[in-house]
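Coordinate inspection notes
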Amino acid sequence: MSWVHDLAVALAAITLAYFALLNLVYLAFTVIAWRSLVQHLRARGHAPDDEVFASPVTPPVSVLVPAYDEEPTIVQSVRSLLALRYPEHEVIVVNDGSQDETLERMQEAFELVPVRKALRTLLPTAPIRAVYVSRRHRNLWVVDKANGGKADALNAAVNASRYPYVCAIDADAILEEDALLRVARPVIEEPDVVVATGGIVRVANGCRIEGGRVLDVRLPQSRLATLQVLEYFRAFLIGRVGWSRLNALLIISGAFGLFRRSLIETVGGYARETVGEDIELVVRLHRHLRERDERYRIEFVPDPVCWTEAPETMRQLSRQRRRWHRGLGETLWRHRRVAGNGRYGALGTAAIPYFLVFEFLGPLIEVVGLPIIVVWWIFGQLSTVFLVGFFVVAVLLGILLSLAALVLEEHSFRRHRDGRDVARLIWFSVVENIGYRQLIAFWRFLAFFDLARGRDDWGDMRRRGFATVPEAPLPRGLPSSGQAG
């Protein structure tokens, strides 16, 4: 049947074009990222952190921590936030109706006492039960409220904040001592222009952590978590640096982002109708500012580090990626009128179309197109030359980009000082593109079914705490850590 053959050839061509364009974009962003990081590190040398700390224009910041069932990690995370090297900041933890002993752990560790604190009500939230302050740390506040979801908890924290800038942090995250200072640097340098910044998120699994500080950076024992280390390098050091240079950055990670508080209040706070409240807020800020023709920038800063616990089981990683993909789809749908609209600059003409085609629809192409190419080659309908060309474009170029992200990280920051860890990362740069990437694409593909049936839950994301844990199982065919050297 000729039409079947023509359809299969067309799908194979679309799949090849998809991988070629995707990797070319990342190749261009790699060049941009390399130049940007060199310039950033050189500029930081001319204005060290001590000068930023001593500057009279460094604004006070409210650090917002939404917490739901975070008992294993909450105390260490809050300790790291209290120990931040910053002239003036407060920490506001919102206990969002936790079912475990999150609140009790904080009461024990920080001697919380109830207080009468007037909260703004500009952003609607679920009912507030109580407000506490720490006897040990007068800049630590805890808001206890009925469960309303992460966005609702963040809105409650914004209502409780005193300072003009707010920094949203995940409750399972640990910031390095100078992270807040560094993420605020663009705001300090251009306060009238920069409205939001985001830092890099790294995997804490395997690191030695004491008293809320990362003392020794090591790779996770878990192979699944190690693969995520590389994935984060590529996403942050290449992808977000590139979009930031175009002033079309769509994602400031919910784990670590600094915002002008008044602007969050102006646009109505975090959206409670989506599981992707972080990306949705950033897109809404872009739209609001561009529709008013205001001069602004939303920036990614590559050296302030937020350490977070990555999933180490297939089940939890699957739920995380399906939830992320649902959040992306919900945001693209809510802001669909921006796509292709020149009024919004690079946001409408480049970023939204890219995320629609390559990030949101990409799993459809990868899950459907790859098997068709292999099957059609087996049956002799596609030439071996085409198959080899496809392998070079889809796999070898992907490996090259993973290695480029690793080189960029090691050249700029050199956090992995153990040569065995670096060798292991080189090996996993290959593994990531043969097996792991396809698995992630399949999970993201399943998110389309979640969207179709209106699923809106977060799923169970239980934390193990900041400690080294036994290796999690991987799909058959992925190598053990012993093979990584």
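Residues numbered from 1 in each chain as written. Predicted model: local features only at pLDDT ≥ 70, side-chain atom pairs only at ≥ 80, totals over all residues. Heavy atoms only, no water.

Turning our eyes to something else, we now look at helix α6 (residues 179–189). Of all the 11 residues making up α6, 10 are buried; the element is thus mostly covered by neighbouring parts of the structure. Buried within α6 we find Ala179, Leu180, Leu181, Arg182, Val183, Ala184, Arg185, Pro186, Val187 and Ile188. (Buried < 20%, exposed > 50% of the residue type's maximum accessible area, 1.4 Å probe, protein only. Helix = DSSP H or I, 4+ residues; strand = E, 2+ residues; numbered from the N terminus.)

What follows covers the environment of Trp333. Turning to its location among the elements, Trp333 is positioned in helix α10 (residues 314–334). Through-space distance from the C-alpha of Trp333 to that of Tyr132 is 39 Å; in sequence the pair is 201 residues apart.

Overall, the coordinates contain 0 disulfides when judged by the stated rule. With no disulfide partner, Cys167 has as its closest neighbouring cysteine sulfur the one in Cys306, 8.5 Å distant. (Disulfide = S-S within 2.5 Å.)

By size, the foremost hydrophobic cluster in this structure holds 147 residues, and its most contacted members are Val63, Val93, Phe110, Phe259 and Ile298. In terms of residue count, the dominant contributor to this core is helix α7 (residues 223–245) (11 residues). Look past the residues within four positions of Val63 in its chain and what remains in contact with it is Leu81, His89, Glu90, Val91, Ile92, Cys167, Ile169 and Leu180. (Core = buried A, V, L, I, M, F, W, Y, C linked by side-chain atoms within 4.5 Å. Contact = heavy atoms within 4.5 Å.)

So, on to the confidence of the model for the protein chain. With 93% of its residues at a pLDDT of 70 or more, the protein chain has an overall mean of 88. Long-range and interchain partners of residues 468–485, a stretch whose pLDDT sits below 50, account for 41 contacts in this model, where long-range means more than four residues apart. (pLDDT = per-residue confidence, 0-100.)

Let's shift gears to the sheet that holds strand β6 (residues 165–169). If you trace the 10 strands from one edge of the open sheet to the other, you get β3-β4-β5-β2-β1-β6-β11-β8-β12-β7, paired in mixed fashion. Each of the sheet's edge strands pairs with one partner strand only, and the pair in question is β3 (112–114) and β7 (173–175). Strand-to-strand twist in this sheet, taken as the mean axis angle between neighbours without regard to direction, amounts to 30 degrees. Taken together, the 3 bridges between strand β8 (residues 194–203) and strand β11 (residues 256–260) define a ladder with antiparallel strand orientation. From the neighbouring strand, Gly198 faces β11, where its bridge partner is Gly257. On the sheet, helix α5 (residues 150–160) packs against β1 (61–67), β2 (89–96), β4 (128–134), β5 (140–145) and β6 and is oriented at approximately 140 degrees with respect to β2. (Pairing = 2+ DSSP bridges. Axes fitted to C-alpha atoms, helices over the stretch in contact; angles between N-to-C directions.)

With that settled, the discussion passes to unusual backbone geometry. The backbone of Asp69 shows a phi angle near 55 degrees, a positive value even though the residue is not glycine. Assignment of secondary structure puts Asp69 in the loop between β1 and α3 (74–82). Residue class for Asp69 comes out buried when judged on its relative accessible area of 11%.

What follows deals with the side chain of Asn159. Tracing the sequence through the fold places Asn159 in helix α5. Once residues lying within four places of it in the same chain are set aside, the contact partners of Asn159 are Leu119, Arg120, Thr121, Leu122, Leu123 and Thr125.

So, about the packing of helix α13 (residues 384–412) against helix α14 (residues 419–452). Across the interface, α13 lies against α14 with an axial gap of 9 Å and an inter-helix angle of 145 degrees. Between α13 and α14 lies a crossing of right-handed hand. Facing α13, whose interface residues are Ala394, Val395, Gly398, Ile399, Ser402, Leu403, Leu406 and Glu410, α14 presents Val422, Leu425, Ile426, Ser429, Val430, Glu432, Asn433, Ile434 and Arg437. Here the contact of α13 with α14 is composed, by residue class, of 10 nonpolar, 4 polar and 3 charged. (Left-handed = near helix turned anticlockwise from the far one by under 90°. Nonpolar A, V, L, I, M, F, W, Y, C, P; charged D, E, K, R; others polar.)

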